[in-house]
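Next come the chains, spelled out residue by residue.
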Amino acid sequence: MKKTILTGIRPTGNLHFGHLFGAVSNWIKLQDDYDTFIEIADVQALTDNFNNPEKVRDHVLELTIDLLAAGLDSEKVHIFLQSEIKEIAELTVFYSNLVTMARLYRNPTVKTEIAQKKALFGNDGESVTYGFVGYPVSQAADITALQGDLVPVGEDQLPLIEQCREIVRKFNHIYGETLKEPEPYLSENARIKGLDGKEKMGKSLGNAIYLKDSDEELKKKIMGAVTDPKKIKKDDKADPEVCMVYYYHKLIKNDNIKTVCSECKAGKRGCVFCKQELYQKMLEYLKPFKEKRKYYEEHIDEVKKILQDGTSCAREKAENTMKDVKKSMKIDYFEERG
Ligand code: TRP
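Residues numbered from 1 in each chain as written. Predicted model: local features only at pLDDT ≥ 70, side-chain atom pairs only at ≥ 80, totals over all residues. Heavy atoms only, no water.

### Digging into the domain arrangement of the protein chain
Note the following rule: Domain start and end points were adopted from an automatic or database domain assignment. It only takes one pair of heavy atoms within 4.5 Å for two residues to be counted as in contact. Once two parts are put together, the accessible area they lose, assessed with a 1.4 Å probe and summed over both, is termed the buried area.
You can read the domains of the protein chain as domain 1 (4-193 + 300-329) and domain 2 (215-294). One C-alpha centre belongs to domain 1, the other to domain 2, and the line joining them spans 35 Å. Contacts between domain 1 and domain 2 engage 15 residues on the former and eleven residues on the latter. For the pair domain 1 and domain 2, the summed buried surface comes to about 1,100 Å²; carbon and sulfur atoms form 65% of the total.

### Things to note about the environment of V226
Going by this rule: Put simply, DSSP H or I for four residues or longer makes a helix, DSSP E for two residues or longer makes a strand, and each gets a number counted from the N terminus. Relative accessible area decides the class of each residue, using a 1.4 Å probe on protein chains only: under 20% of the type maximum gives buried, over 50% gives exposed, and in between gives partly exposed.
Among the secondary structure elements, V226 is positioned in the loop between α10 (215-223) and α11 (244-251). With relative accessibility at 34%, the residue V226 sits in the partly exposed group. The residues touching V226, leaving out its near neighbours within four places in the chain, are L195, D196, G197, C243, M244 and V245.

### Notes on the packing of helix α4 (residues 86-95) against helix α14 (residues 300-328)
Heads up, the rule is: Throughout, an axis means a line fitted to C-alpha atoms (over the contacting stretch in the case of helices), and angles, computed between N-to-C directions, take values from 0 to 180 degrees. Here the angle decides the label: under 35 degrees means roughly parallel, over 145 means roughly antiparallel, 65 to 115 means roughly perpendicular, and every other value means oblique. With the far helix as reference, a near helix turned anticlockwise by less than a right angle produces a left-handed crossing, and one turned clockwise produces a right-handed crossing. Note on residue categories: nonpolar means Ala, Val, Leu, Ile, Met, Phe, Trp, Tyr, Cys or Pro, charged means Asp, Glu, Lys or Arg, and polar means any other residue, Gly included.
Two elements in contact, α4 and α14, have axes whose closest approach is 10 Å; the angle formed by their N-to-C orientations is 30°. The orientation of α4 with respect to α14, classified from their angle, is roughly parallel. Considering the relative orientation of α4 and α14, their crossing is left-handed. Listed contacts from α14 to E87, E90, L91 and F94 of α4 are R315, A318, E319, M322, V325 and K326. For the contact of α4 with α14, the class distribution of residues is five nonpolar, no polar and five charged.

### What to know about helix α6 (residues 108-121)
Which entries qualify depends on this criterion: Multiply 1.5 Å by the residue count of a helix minus one, and that product is the helix's expected span. This arc is built from the directions going out from the helix axis to the C-beta atoms. Polar contact is the term for a pair of N or O atoms within 3.5 Å; when the atoms are in protein, one must be able to donate a hydrogen and the other to accept it, and sequence-neighboring residues count only if both atoms are side-chain atoms.
The terminal C-alpha atoms of α6 lie 20 Å apart, and with 14 residues this matches the ideal 20 Å at 1.5 Å per residue to within 8%. For α6, the full list of buried residues reads T109, V110, E113, I114 and K117. One side of α6 holds all its buried residues, which, seen down the axis, span an arc of 130°. Away from the buried face of α6 by more than 90 degrees, exposed residues K111 and A119 are located. The elements touched by buried residues of α6 are α2 (42-49), α5 (101-106), α7 (130-133), α8 (135-145) and α9 (158-175). The opening residue of α6, the one whose side-chain oxygen lies 2.9 Å from the backbone nitrogen of T109, is N107.

### Focus on the nonpolar core
Generally speaking, nonpolar side chains in soluble globular proteins are found buried as a group. Basically, it comes down to this: Note on terminology: a nonpolar core comprises buried Ala, Val, Leu, Ile, Met, Phe, Trp, Tyr and Cys residues joined through side-chain atoms within 4.5 Å.
With 49 residues, the main nonpolar core has F17, I40, L67, Y248 and M282 as its most contacted residues. Of the residues forming this core, the biggest block, seven residues, is contributed by helix α13 (residues 271-298). Residue assignment places this core across two domains, with domain 1 (4-193 + 300-329) and domain 2 (215-294) each supplying three or more. Not counting the four nearest positions on each side in its chain, I40 is found in contact with I9, P11, V60, L63, T64, L67, I79, F80, L81, Q82 and L307. L91, F94, A141 and M329 belong to the second-largest nonpolar core, a separate cluster that totals 37 residues.

### Here's the deal with the site of the ligand
The following threshold applies: When we say a residue is near a molecule or strand, we mean one of its heavy atoms is within 4 Å of it. Accessible surface is estimated by sampling points in the Shrake-Rupley manner with a 1.4 Å probe; for residues, cover comes only from the protein chains shown.
Lining the immediate environment of the ligand, one finds 13 residues, of which E39, Q44, Q139, D142 and Q157 sit closest. In the model, a nitrogen atom of the ligand is placed 3.4 Å from a nitrogen or oxygen of the E39 side chain. Here a nitrogen atom of the ligand sits 2.8 Å away from a polar atom, N or O, in the side chain of D142. Compared with its free state, where it exposes 370 Å², the ligand has 87% of that area covered by protein. Elements with a contribution of two residues or more to the shell around the ligand: β1 (4-9), α8 and β4 (150-153). By residue class, the composition of the shell around the ligand is five nonpolar, five polar and three charged.

The structure is reproduced here in structure tokens:
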């Protein structure tokens, strides 16, 4: 039997290069060999956006289209919607007894995110909600409801997988062997740099290239990319290793990469020319995505059907898990007990 992969993504924005190279390319590779479930984590997205439900709603289908355009095959993977699986919410409640507040506050991912919120809103953390601090518990419910063996994630998510494993062990210890302990699966390119030279591309950092960007937006972003700051004039020699344009030439596997590198080092390649070449190569690279994206935009009922089918499949699995969980917890009052 194939092992199960479970991973999730928050519908708060469109798919960008950071997602594509950091995570989604990995999911695409794995889809042939594993029973793959991709969760559109709308409930988790609401922990941060509870006062902006339109944003979450608008991005559910948008993100599904992006994922399909990126190359996830609806015949192979189950893309499903978190809010439609009530077992996940139930498990979250059951697991909440197995986690202390101190442990949640110590979770490095939660800690970093709370620090970011404090810096952003300039308060002492008063606005940190119960739902937010508890989202690792809900994520443990996502993973275990679907009985995930492997969870492909970026490095920032490792503490959440660890917390899930702790919950599973505690559950099994108290109620008897019931749940599977998942393993994290790190993507090789876990982090993609932004065009501005920042270590991470991110929506909130404003340095992302989206699959959905128009040609004009793409051009503007590439022309504004950070190059070697020591290079002042067009024919100065430069160091490609500190140049974001070179980084992206490499990322999209430009077949001309050796020339790009040697010309740059020799001072025979102006940055404007180099950016124009990157733009052209990027257009070629993005062409198949854009075509697929257009197809799904024009066949939105097909997208909804894919999401509904994926959700039914996930629900069936979650219902099975719930039967076992309720039995172990002795809350299966109306079932025949064997
Ligand atoms: N927290 C993840 C993120 O922000 C998204 C996510 C939700 C997830 N549920 C998951 C990841 C389950 C792995 C497994 O990227």
